[in-house]
Amino acid sequence: MKPRHIRLVCILLSVSGCAAPDPSPPPTATATAAPPAATASPAPTPLETDEPLPAIDLAPEDIAGVALELWHPWDGDQEALLEGLVAAFNAGNDHNLQVTAVRRHDLHADVAAALATGSPPDLAFGFSYHARSWSRIAAPVDWNLYLMDLEWGLSAEERLDFYPEFLVAAANAGLQTGLPFYRTAEVLLYNATWAAELGFTGPPETPEALAEQSCAANASLRTDSDPGNDGEGGLMLGNEPIALAAWMAAFGGGLDPLSETESYAFDRAENITAFAYLRGLLDDLCAWLPEGVYPHDEFAGRSGLLLPSTLAGLAPQAAAMQAAGSSDVWTAIPYPAVETGRAPLLYGPDLVLLPTTPERQLAAWVFARWVLSPENLAGWSDTTGYFPVRRSALAGMAQPPPQSDAWLSQGLGFTPPASWVDVQWAVSEMSRMLFSPFTPADDVAALALELDAFAEEIHQLSLFP
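Residues numbered from 1 in each chain as written. Predicted model: local features only at pLDDT ≥ 70, side-chain atom pairs only at ≥ 80, totals over all residues. Heavy atoms only, no water.

(A) Layout of the overall build of the chain. For the chain, the helix and strand inventory stands at 19 helices and 12 strands. The proportion of buried residues among the 465 residues of the chain is 56%. Per element, the accessible surface of the chain, about 18100 Å² overall, is 55% carbon and sulfur. (Helix = DSSP H or I, 4+ residues; strand = E, 2+ residues; numbered from the N terminus. Buried < 20%, exposed > 50% of the residue type's maximum accessible area, 1.4 Å probe, protein only. Areas by Shrake-Rupley, 256 points an atom, 1.4 Å probe, with all protein chains shown as cover.)

This is the structure in structure tokens:
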């Protein structure tokens, strides 16, 4: 493997000032940029104490009629859903607050630029690594000041209603810089009917079992009358950074250590084993790369036995199955892991409060408290298929996500450092090279070493903006 391959990524990033497009995941079947296993740095959360913080010295009349801006990355159904919530709040809140939801194509860069000029929006949705990156320009406001306030805050019971692991994942450097809005999971879609026809009684729980079932699916297509599908049938792959992170986690690896001052570790033995495993599946025709970004139809048509996806991909896949007239039973399963019982990677956006004025910040909290109510979160999750971040919201859902109890208790959080904003695109490029027939299979370890060196270079640059 030649070092120039990864260096090309550096050139591409440097041309744009290392400002990559916002990687917020759309509601599609294929996993998208965002979100490996890591544990957030310990930080105080509002669940750890009942002692109130100093009172907010503002009266209700001080925030009457305040206008707020909320920046978000969504379009389509999610944008419409958010705008519906905002309209309901604007029409019914007691303070005549008016929130405007603004979609930003490059949310991370736009918020960073607004912070640099001292004119940020009041609120923004972003992943934890976005908030860490923004903190290098101007620290987001600590939500604890509002969560814990005796007059404006939440009760102890309401605070304990949030899943503590989601609050911890949204914290940074001892501050509650984000409030979790929803969580999704990296999963594999699995055609149980086809697997049973191939002689398997259940989904694979280990990488070896996944290889066996994937190879059997490919072998079944090589015996039919269509030579055009001889390379299909097994595991369908993609180049999304979070999907590769999920494979690393399944093999006991990841990006660890993941603190703001420590290095990435793509060249760990566990990660190299994961890369070699995927490349081996491809070379053996037990895995393949669909041309489309969102291969719902291919999965429905039995071109693949397993497909990487997210929770938001379940509804589009169900629609594709119906459109294909398929009666196959399919399900979502965790990535088969070397350590059985592992649950998927969990990640999602947080609501971030940006520094403005005391009045605007309090008004923004009033909106946040409302939009994060159990009823609103349950409605959002019922519509999108995501995990809600409060226990009562999960209980209030009409259709809870599959295996929610197990996945919420065993899921692996994804909380990378600020540099992941740019490093994730190098990971995507690494995936393309890993799955390229022009990359020799024995270059896998060298490829991981090159990625590690490049990631560390970007990480160090992010420490000293």
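Moving on, there is more to tell.
(B) Region of the structure containing the confidence of the model for the chain. On average, residues of the chain carry a pLDDT of 85, and 84% of them reach 70 or more. Taken as a whole, residues 1-44 scores under 50 in pLDDT and shows 130 contacts with residues more than four places along the chain or in a different chain. (pLDDT = per-residue confidence, 0-100. Contact = heavy atoms within 4.5 Å.)

(C) How the structure looks around helix 2 (residues 76-92). With 17 residues, helix 2 ought to run about 24 Å at 1.5 Å a step, and its terminal C-alpha atoms sit 25 Å apart, in line with that. Gln78, Glu79, Leu82, Leu85, Val86, Phe89 and Asn90 are the residues of helix 2 that are buried. On an axial view of helix 2, the arc spanned by its buried residues comes to 135 degrees, and they lie on one face. Exposed positions of helix 2 whose direction lies more than 90 degrees from the buried face are Asp77, Ala91 and Gly92. Looking at the buried residues of helix 2, the elements they touch are strand 1 (67-72), strand 2 (98-103), strand 3 (123-126), helix 14 (358-371) and helix 15 (374-384). (Expected span 1.5 Å × (residues − 1). Arc of directions from axis to C-beta.)

(D) Layout of the sheet that holds strand 2. Strand order in the open sheet formed by five strands is 2-1-3-11-4, with mixed pairing between adjacent strands. Each having just a single partner strand, strand 2 and strand 4 (179-180) make up the two edges of the open sheet. Here strand 4 pairs with strand 11 (residues 350-353) via two bridges, running antiparallel. Paired with Leu179 across the strands is Leu351, a residue of strand 11. Strands strand 1, strand 2 and strand 3 of the sheet are contacted by helix 2, whose axis makes an angle of about 170 degrees with strand 2. The sheet strands contacting helix 4 (residues 128-135) are strand 3 and strand 11, and the helix crosses strand 3 at an angle near 125 degrees. (Pairing = 2+ DSSP bridges. Axes fitted to C-alpha atoms, helices over the stretch in contact; angles between N-to-C directions.)

(E) Expanded view of the nonpolar core. Residues Leu70, Trp143, Phe181 and Trp365 are the most contacted members of the largest nonpolar core, which totals 65 residues. The greatest single-element share of this core, amounting to eight residues, is contributed by helix 14. In this structure, Phe181 is in contact with Trp74, Phe125, Pro349, Asp350, Val371, Leu372, Leu377, Trp380 and Val389, ignoring residues within four places of it in sequence. Of all hydrophobic cores here, the second largest spans 59 residues; its members include Tyr264, Trp420, Met430 and Phe435. (Core = buried A, V, L, I, M, F, W, Y, C linked by side-chain atoms within 4.5 Å.)

(F) Highlighting the pattern of salt bridges. Enumeration according to the criterion identifies 10 salt bridges in this entry. The partner of Arg183 in a salt bridge is Asp350, with the nearest N and O atoms 2.8 Å apart. Taken together, the positions of Arg183 in the loop between strand 4 and strand 5 (184-191) and Asp350 in strand 11 put the pair 167 residues apart, joining distant regions of the chain. Its relative accessible area of 3% is what places Asp350 among the buried residues. Between Asp283 and Arg279 there is a salt bridge, with its nearest N and O atoms 3.0 Å apart. Placement of the pair is Asp283 and Arg279 together in helix 11 (residues 269-283), with a separation of four residues, close to one helical turn. A relative accessible area of 43% means that Asp283 is categorised as partly exposed. Taking the relative accessible area as the measure of exposure, Arg279 reaches 6% and is therefore buried. (Salt bridge = Lys/Arg side-chain N within 4 Å of Asp/Glu carboxyl O.)

(G) Up close: the pairing of strand 8 (residues 304-310). Taking burial as the measure, the seven residues of strand 8 include seven buried ones, the bulk of the element. Two elements, strand 5 and strand 8, share five bridges in a ladder whose sense is antiparallel. Residue pairing for strand 8: Glu186 is matched across the bridge by Thr310. As defined by bridge partners, strand 6 (residues 233-236) adjoins strand 8 across two bridges and the pair is classed as parallel. Residue pairing for strand 8: Gly233 is matched across the bridge by Gly304.

(H) The state of the cysteines, seen in detail. What the rule picks out here adds up to one disulfide. Covalent S-S linkage joins Cys215 and Cys286, the inter-sulfur distance amounting to 1.9 Å. The sign of the 105 degrees torsion about the S-S bond sets the Cys215-Cys286 disulfide as right-handed. Residue Cys215 is located in helix 9 (residues 207-222), and its partner Cys286 is located in the loop between helix 11 and strand 7 (287-288); the two are separated by 71 residues in the primary sequence. The exposure class assigned to Cys215 is partly exposed, which follows from its relative accessible area of 28%. Overall, the relative accessible area of 2% leaves Cys286 in the buried class. (Disulfide = S-S within 2.5 Å.)

(I) Seen up close, the packing of helix 2 against helix 15. Two elements in contact, helix 2 and helix 15, have axes separated by 11 Å at closest approach and are oriented at 160 degrees. Compared by their axis directions, helix 2 and helix 15 come out roughly antiparallel. The chirality of how helix 2 crosses helix 15 is right-handed. Together, Gln78, Leu81, Leu82 and Leu85 of helix 2 and Asn376, Trp380, Thr383 and Thr384 of helix 15 make up the contact between the two elements. (Parallel < 35°, antiparallel > 145°, perpendicular 65-115°, else oblique. Left-handed = near helix turned anticlockwise from the far one by under 90°.)

(J) Helix 4, seen in detail. Judged by how many residues are buried, helix 4 sits mostly within the fold: seven of eight residues are covered. When we look at burial in helix 4, the residues that qualify are Ser128, Tyr129, His130, Ala131, Arg132, Ser133 and Trp134. Buried positions along helix 4 lie against helix 3 (107-116), strand 3, helix 7 (164-169), strand 11 and helix 18 (420-434).

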